[in-house]
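The primary structure of each chain is shown beneath.
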Amino acid sequence: QGYLGLGMVTEAAAELEKIPAPDCDEPAVLAVRLAVLQERCEWPALRAVAAEFVRRAPGQAAGWVTWAYATRRADSITAAEKILLEAERVHPQEPTIQFNLGCYASQRGALAEARRRVDRAIKLDQTFAALAATDPDLEPLRSAGPPASSGA
């Protein structure tokens, strides 16, 4: 973690290789491995390690998000969305999961679903409002304009 904090990804990876089995499969070690692989943009490897992380620590929402992120890049939005739909059942109040599902829905053209999910993410955590204004995945949603008013 120290090497990563200093931006020394190669050194962090080398230290990870020195960790003996079975310790190398502990969630804390896998979390550092995830960070290294993400920094290196090694999507297929990141997808595999994130899936193992989720198997070992399903209660950590960040693992699910990382797994979906890597899967999107290594495979497809459809495959990533399946992961997050499962994650939503485990973490129904996690705003990052809602936001990313909104992004995926926007990319699929399911704008009503996208709006509902993004609004839910913002309700859970206001910091997602700024991200919603700039995230490229939400461009189809922003282009559609504001939601229709349901007022009287």
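In this report, the structure presented in the accompanying data block is examined. Everything numeric in this text was worked out from a predicted model, so none of it was measured.

## What about the overall build of the protein?
Along its length, the protein carries 10 helices and 0 strands. Per-residue burial for the protein yields a buried fraction of 39% across its 152 residues. Taking the contacts inside the protein whose residues are at least 6 apart along the sequence as the reference set, 48% of them involve residues at least 24 apart. Total accessible area on the protein stands at roughly 8,400 Å², and carbon and sulfur atoms take up 54% of it.

## Things to note about the packing of helix α4 (residues 43-56) against helix α5 (residues 61-74)
Packing of α4 against α5 leaves a shortest axis separation of 8 Å and a crossing angle of 150°. Considering the angle they form, α4 stands roughly antiparallel to α5. Note that α4 runs across α5; the crossing there is left-handed. Contacts between α4 and α5 pair Trp43, Pro44, Leu46, Arg47, Ala50, Ala51, Phe53 and Val54 from the former with Gly63, Trp64, Thr66, Trp67, Tyr69, Ala70, Thr71, Arg73 and Ala74 from the latter. Split by residue class, the contact of α4 with α5 holds 12 nonpolar, 3 polar and 2 charged.

## Observations regarding the packing of aromatic side chains
Evaluation of the coordinates by the stated rule reveals 3 aromatic pairs. Ring geometry for Trp64 against Trp67: centres 5.9 Å apart, planes inclined by 40°, an arrangement best described as tilted. Of this pair, Trp64 and Trp67 are both found in helix α5, 3 residues apart, which corresponds to roughly one turn of the helix. For Trp64, a relative accessible area of 3% corresponds to the buried category. When its relative accessible area of 18% is taken as the criterion, Trp67 is described as buried. Note on Phe99 and Phe128: the rings are 5.1 Å apart at their centroids and 40° apart in plane angle, and the pair reads as tilted. Note that Phe99 is positioned in helix α7 (residues 95-108) and Phe128 in helix α9 (residues 128-134), a separation of 29 residues in sequence. The pair Phe99 / Phe128 is uniform in exposure class, with both members buried. Here the basic side chain of Arg73 rests over the ring of Trp43, its NZ or CZ set 5.9 Å away from the ring centre. For Arg73, the ring lying beneath its charged end belongs to Tyr69, and the centroid distance is 3.6 Å.

## Examining α4
The α-helix advances 3.6 residues per turn, and as a result positions three or four apart in sequence lie on the same side. The end-to-end C-alpha separation of α4 is 20 Å, in line with the 20 Å expected for 14 residues at 1.5 Å each. Restricting attention to buried positions, one finds in α4 the residues Trp43, Leu46, Val49, Ala50, Phe53 and Val54. Projected down its long axis, α4 shows its buried positions confined to an angular sector of 145°, all on one face.

Rules and cut-offs
- Residues numbered from 1 in each chain as written.
- Predicted model: local features only at pLDDT ≥ 70, side-chain atom pairs only at ≥ 80, totals over all residues.
- Heavy atoms only, no water.
- Helix = DSSP H or I, 4+ residues; strand = E, 2+ residues; numbered from the N terminus.
- Buried < 20%, exposed > 50% of the residue type's maximum accessible area, 1.4 Å probe, protein only.
- Contact = heavy atoms within 4.5 Å.
- Areas by Shrake-Rupley, 256 points an atom, 1.4 Å probe, with all protein chains shown as cover.
- Axes fitted to C-alpha atoms, helices over the stretch in contact; angles between N-to-C directions.
- Parallel < 35°, antiparallel > 145°, perpendicular 65-115°, else oblique.
- Left-handed = near helix turned anticlockwise from the far one by under 90°.
- Nonpolar A, V, L, I, M, F, W, Y, C, P; charged D, E, K, R; others polar.
- Phe/Tyr/Trp six-rings, centres within 6.5 Å; stacked < 30°, edge-to-face > 60°.
- Lys NZ or Arg CZ within 6 Å of the ring centre and 35° of its normal.
- Expected span 1.5 Å × (residues − 1).
- Arc of directions from axis to C-beta.

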